[in-house]
Amino acid sequence: MNQDDLTSIAAQTKQSENRYDHVIKVCVAAGCLSANSEQVKTQLESELKQRGLETCCKVKGVGCMGLCAAGPLVSADANELMFQGVTPADASAVIDSVVDKKPAPAAIVMDSQLDFFTGQKKIVLENSGEIDPERVEDYIAADGYEALFHCITKLKPLGVIEQVTKSGLRGRGGAGFPTGLKWTTVAKAQGARKYVICNADEGDPGAFMDRSVLESDPHRVLEGMAIAAYAVGASKGFIYCRAEYPLAVKRLRIAIRQAENNGLLGMNIGDTHFDFKIEVRLGAGAFVCGEETALIASIEGGRGTPRPRPPFPAQEGLWKSPTLINNVETFANIPPIIRRGGDWFASIGTDKSKGTKVFALAGRVNNTGLIEVPMGITLREIIFKLGGGIPEGRRFKAVQSGGPSGGCVPEQYLDIPVDYDSLASVGSIMGSGGMIVMDETSCMVDVAKFFMDFCMSESCGKCVPCRVGTTQMHNILERITQGEAGPQDLDLLTRLTSMVKAASLCGLGQTAPNPTLTTLRYFMDEYRAHIEEGRCPAGICHPAKVEAEVGA
Amino acid sequence: MNNTAIEICTLIIENHECGGRADQTILEVAEENGIFIPTLCRLSGLSNIGACRMCLVEVKGMNKLMPACVTKVQEGMVVTVNNERLAEHRRLALEMLFSERNHICSVCVTNGHCDLQFLAQKLGVNHITMPYIHPLMPVDASHPRFLADHNRCILCTRCVRVCQEVEGAHTWDIMGRGTKARVITDLNRPWGESESCTGCGKCVQVCPTGALSEKGQAAGEMLKRRTFLPYLSMMREVGK
Amino acid sequence: MLPTQKTISPPSEDKRWKIVDGMMRRHGHEPYALIEVLHTVQETFGFLTDDALRYVATSLRVPYSRVYGVATFYHFFTMKPPGEHTCVVCTGTACYIKGAPVLLNAVQEAAGIKQGETTPDGKLSLLTARCLGSCGLAPAVVFDGQVAGKITTETIKKRVRTYLESETLAEGAHK
Ligand SMILES: Cc1cc2nc3c(=O)[nH]c(=O)nc-3n(C[C@H](O)[C@H](O)[C@H](O)COP(=O)(O)O)c2cc1C
Ligand code: SF4
Ligand code: SF4
Ligand code: FES
Ligand code: FES
Ligand code: FES
């Protein structure tokens, strides 16, 4: 395949779609699939056939449209019409509405002008909910692989890196390391072989951005990886994906096969001397394997235990060769950056955090789902505008970002801009994009215990501070929730948090105290209520159980 | 690479000006200069894994603490080995180990010859400020000559490394993770049934505590002989 | 040390070993393929046995203790045969906030087993997962491989009851 073939496939695909008066898009990403969207799609197809409309109206399976909680979602006519909670029985009503402009039952009509949709800015998710994730032609028609061809035919590797550096893109896997700088280091590293790894381990329990990108637009990630490989001089890549995401793995494998068959991956890509192959590797249920050195150990077939850095993977990674590791979303940002230029990307967002960020909004919020927003938007806008506020008129209590490594941000900071540095300044982190909203029904001590329990059971056990420290901290938190703790336990807890943070080997241990630290900082009154008054303000824990029994 | 002259660096460790080769670690240079840095998982002659975190030091200009056993020296480094913060971390790390499993020294075969006990005395850890966890762990007495008491194991993996790196048998490894981790032989079968164990006893000699010992020793009798190690590590240096 | 010279044959006549062999061949019997191969074994047989581990270890020339260490490091691998039906309750953050602990308790009570256990009659295994990526549908549960969202105590109890009262399938009829 060369540039001309690419252009003609794009033209043909667009043309064949334009033949139809209407295209009805049905979400076939995992969320809606589990709500039966596949049957909805089949029913729509057979209904159209019955009515003899199959030449004027096409049904297409697409990726996630974002508002997964309202699924199955269906959209038509450039998303002017949207439907929610569609069942196979609603198929004819949907067709009536699309083809004959008859109003559909109120229960399935979704307002496409909701703030949830209009408040977003889509770069990473530009194709999600638009293209068929299992057809490479659809991706090509949406300018897919154009950026790769531009790089390998018109740019030198350094020229590619220059655009990425200029864009100001920072890693979306959690730490926010400047991507251009990382690519430069790997490009400069000496090594006969180099590798590119895509971190699709998405370990944060409560986040599904990467999953959605992989299920909705897998080729985008492959293209991003190929561009990276060209820039740093690698010819082999791995995608390390969680085994809990079978659909993402399936779509990735399909995408890789299609790309190989079309000469977009493999040898002599675009008739140049650039070779690049990608393999998928499955994780096996270990959060710590998201840490880059542990991930490498896992790809090498071993126990996923981290090792001290330096040496960094950029110098000594997979099989001791220089290795570039980036997150799914980081790679997904690359094609548009190349297509539209680093300066364009840098014009979005804030001073030190450029571009957009995808968040998985979940928990006690009306609209749960995926959103992509420009950096610098406030937490309040996300939760109360896009998210539609807290259900059942309850009171907002905290929002947790960054998962087990992040912190709980209380109401008083709802107006801080969402960027790497502002979130860090209040004790949380950007993280990979999980955003869990909590209301007054959540007990913050119990939340701290929940995250500590997670870190304790996910600790690899290699280093002492994390292995024993998380267990000790968890036990203290448990004693507090059971009403068995005294004030001296808080002192010990505080000592442990600072030691585990400073002395642990890898990021898991170093950040494990964060949820506890932020709840101690912002919700000390709740800790006190448990310890001193034997009372759980949210009514979750039973700290006074013992006394209650005595009294009864 | 091998015959390029190795760079010599000067650095400051605990206010001492020291010189070292660029391929040496902070710990090695400190030891050559008579500066004590506590260690536990490290044993000269085996690979270093940086796991016990006893050897953490402050390096000027770095915001993270660095494990001296794996951090290479650099020109102009300024290293602090002892201060209040580091002492607190080391104390807590030792307390954590004592709290994790059952270490009652008075009845232990290595009483008086134990690396953990030595460090606790040296660093003045004479009582534990955190609750004991102490799950009851098995004792494996199936081997004709050796004993494995998991209650005394600190998961330093010295046994795993010596068995793999020096003896080449790879009988030992770690199973599970977190506090549930445990050293195992072969497919977690009794040691005495191991198909791969050569019976060389190197693991017993390198074990810092009384977790691995020779049978028939009374409390305080188990002395560890590690003479094979410096010799081997010297051979390795020569072979480079 | 491993018996590298011995010809290595599968632990049994079972045809399914061919699938495992195929996977090992695809990776040229390289030791790094260990995790991929363990995935294949578990997918094919439902769980990992000592015999399987021994066979894989010998074929890939990976020490026994290391194979065992890897198999027990990852939550995804299990050495216990799964029940006829499985119920995986998500205990990720989103589901936790939306009441996963209550669901878990409900199943534990209804089936009389704890998480990670199988009922004595082998009908049901209760497992937990850390986020299925369906957080938008929290709380989420996987019943026999199918993700279901917005689960209530009632729905989960009902499902569990049908599982417990289900006819025992003929040997080998499931999977
Ligand atoms: C315990 C732990 C878990 C992590 N999990 C993930 C993960 O699931 N996905 C991810 O992309 N990065 C994860 N990271 C961050 C990676 O180590 C690494 O920084 C990242 O993949 C680099 O990519 P980026 O520069 O594109 O962000 C994790 C880090 C730690 C310490
Ligand atoms: S911090 Fe925790 S996860 Fe990381 S190496 Fe130490 S024990 Fe393992
Ligand atoms: S048995 Fe001894 S050498 Fe082996 S890990 Fe335990 S304490 Fe270390
Ligand atoms: S899965 Fe269908 S909208 Fe997200
Ligand atoms: S001696 Fe350096 S970490 Fe154990
Ligand atoms: S937290 Fe349960 S599906 Fe993500």
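A quick note: this is a predicted structure, and the numbers were derived from the prediction, not measured.

Conventions and cut-offs
- Residues numbered from 1 in each chain as written.
- Chains lettered and ligands numbered in written order.
- Predicted model: local features only at pLDDT ≥ 70, side-chain atom pairs only at ≥ 80, totals over all residues.
- Heavy atoms only, no water.
- Helix = DSSP H or I, 4+ residues; strand = E, 2+ residues; numbered from the N terminus.
- Buried < 20%, exposed > 50% of the residue type's maximum accessible area, 1.4 Å probe, protein only.
- Contact = heavy atoms within 4.5 Å.
- Near = heavy atom within 4 Å.
- Nonpolar A, V, L, I, M, F, W, Y, C, P; charged D, E, K, R; others polar.
- Buried area = accessible area lost by both parts, 1.4 Å probe.
- Salt bridge = Lys/Arg side-chain N within 4 Å of Asp/Glu carboxyl O.
- Polar contact = N/O pair within 3.5 Å; in protein donor to acceptor, adjacent residues only side chain to side chain.
- pLDDT = per-residue confidence, 0-100.

Quick word on the overall build of chain C
In terms of helices and strands, chain C carries seven helices and four strands. When the helices and strands of chain C are listed from N to C terminus, the series reads α-α-α-α-β-α-α-β-β-β-α. Over its C-alpha atoms, taken along the principal directions, chain C stretches across nearly 60 × 35 × 25 Å. For chain C, with 175 residues in total, the buried portion stands at 50%.

Here's the deal with helix H8 (residues 157-167) of chain A
Residue and element names in this part refer to chain A. Listed as buried for H8 are Gly159, Val160, Ile161, Gln163, Val164 and Ser167. For H8, the secondary structure elements touched by its buried residues are helix H7 (146-154), helix H9 (179-188), helix H11 (218-232), helix H14 (328-340) and helix H15 (342-346). The first or second residue beyond H8 is Gly168, which carries a positive phi of 75°.

Here's the deal with the site of ligand 3
The environment of ligand 3 is made up of 13 residues, and the closest members are B:Cys153, B:Cys156, B:Thr157, B:Cys159 and B:Cys207. Tallied by class, the residues present in the shell around ligand 3 amount to 10 nonpolar, two polar and one charged.

Some words on the interface of chain A and chain C
Contact residues are listed per partner, giving 51 residues for chain A and 31 residues for chain C. The contact between chain A and chain C buries some 3400 Å² in all, and 57% of this surface belongs to carbon and sulfur atoms. It is A:Ala284, A:Arg303 and A:Phe450 in chain A that bury the most area against chain C; as a group they hold 17% of the surface buried on that side. Run the count over chain A and chain C and you get two salt bridges. Between A:Asp453 and C:Arg130 there is a salt bridge, with its nearest N and O atoms 3.5 Å apart. Taken together, chain A and chain C are joined by 22 residue pairs in polar contact (both at pLDDT 80 or more). Breaking the side of chain A that touches chain C down by element, the ones donating at least two residues are strand E8 (277-282), helix H13 (292-299), strand E10 (356-363), strand E14 (434-439) and helix H18 (444-458) of chain A. Here the side of chain A that touches chain C takes eight residues from H18(A), the largest share from any one element.

Notes on the confidence of the model for chain C
Residues and elements named next belong to chain C. Looking at chain C as a whole, its pLDDT mean stands at 89, while 91% of the residues score no less than 70. Within chain C, the element-level pLDDT minimum falls on strand E4 (residues 146-148), averaging 90, and the maximum on helix H4 (residues 64-73), averaging 97. Per-residue pLDDT stays below 50 along residues 1-5; that stretch engages in 11 contacts with residues further than four places along the chain or on separate chains. In this model, residues 171-175 is a region of pLDDT below 50 whose contacts with residues beyond four sequence positions or in other chains number two contacts. In the model output, the complex is listed with pTM 0.93 alongside ipTM 0.92.

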